[in-house]
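Below are the chains, spelled out letter by letter.
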Amino acid sequence: MKLTRSKHNKIDALSKFIGLILLAVSIDNASKGNYYIALFLFGLGGIIGIAPLFIEVEKS
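Since the structure is predicted, the reported quantities are computational estimates derived from the model, not experimental observations. (Residues numbered from 1 in each chain as written. Predicted model: local features only at pLDDT ≥ 70, side-chain atom pairs only at ≥ 80, totals over all residues. Heavy atoms only, no water.)

### Some details on the packing of helix H1 (residues 5-32) against helix H2 (residues 35-50)
Now for step 1: Two elements in contact, H1 and H2, have axes whose closest approach is 8 Å; the angle formed by their N-to-C orientations is 170°. Here H1 is positioned roughly antiparallel relative to H2, judged by the angle of their axes. When H1 is examined against H2, the residues Ser 15, Lys 16, Ile 18, Gly 19, Leu 22, Leu 23, Val 25, Ser 26, Asn 29 and Ala 30 are found in contact with a partner set consisting of Tyr 35, Ile 37, Ala 38, Leu 41, Phe 42, Leu 44, Gly 45, Ile 48 and Gly 49.
Now for step 2: Residue composition of the contact of H1 with H2, grouped by class: 12 nonpolar, 6 polar and 1 charged. (Axes fitted to C-alpha atoms, helices over the stretch in contact; angles between N-to-C directions. Helix = DSSP H or I, 4+ residues; strand = E, 2+ residues; numbered from the N terminus. Parallel < 35°, antiparallel > 145°, perpendicular 65-115°, else oblique. Contact = heavy atoms within 4.5 Å. Nonpolar A, V, L, I, M, F, W, Y, C, P; charged D, E, K, R; others polar.)

### Some words on the pattern of salt bridges
Now for step 1: A complete count under the given rule lists 2 salt bridges for this structure.
Now for step 2: Across the pair Lys 16 and Asp 12 runs a salt bridge, and its minimum N-O distance is 3.1 Å. Here the residue Lys 16 and the residue Asp 12 both occupy positions in helix H1, the gap between them amounting to 4 residues, near one helical turn.
Now for step 3: Taking relative accessible area as the criterion, Lys 16 reaches 42% and is therefore assigned partly exposed. (Salt bridge = Lys/Arg side-chain N within 4 Å of Asp/Glu carboxyl O. Buried < 20%, exposed > 50% of the residue type's maximum accessible area, 1.4 Å probe, protein only.)

Below is the structure:
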């Protein structure tokens, strides 16, 4: 998938924001004792956070 530089920056910022939200929710679940849910959300946030690395930027 190829995107322009501005769209890539928007997607990058959005994915980092969603990753941080999932991290906060997973920490909250870990403090309540729901360790499996916390681990799942932490992993999901990590995958979403690194997804923009695999998107190509148009060189024009």
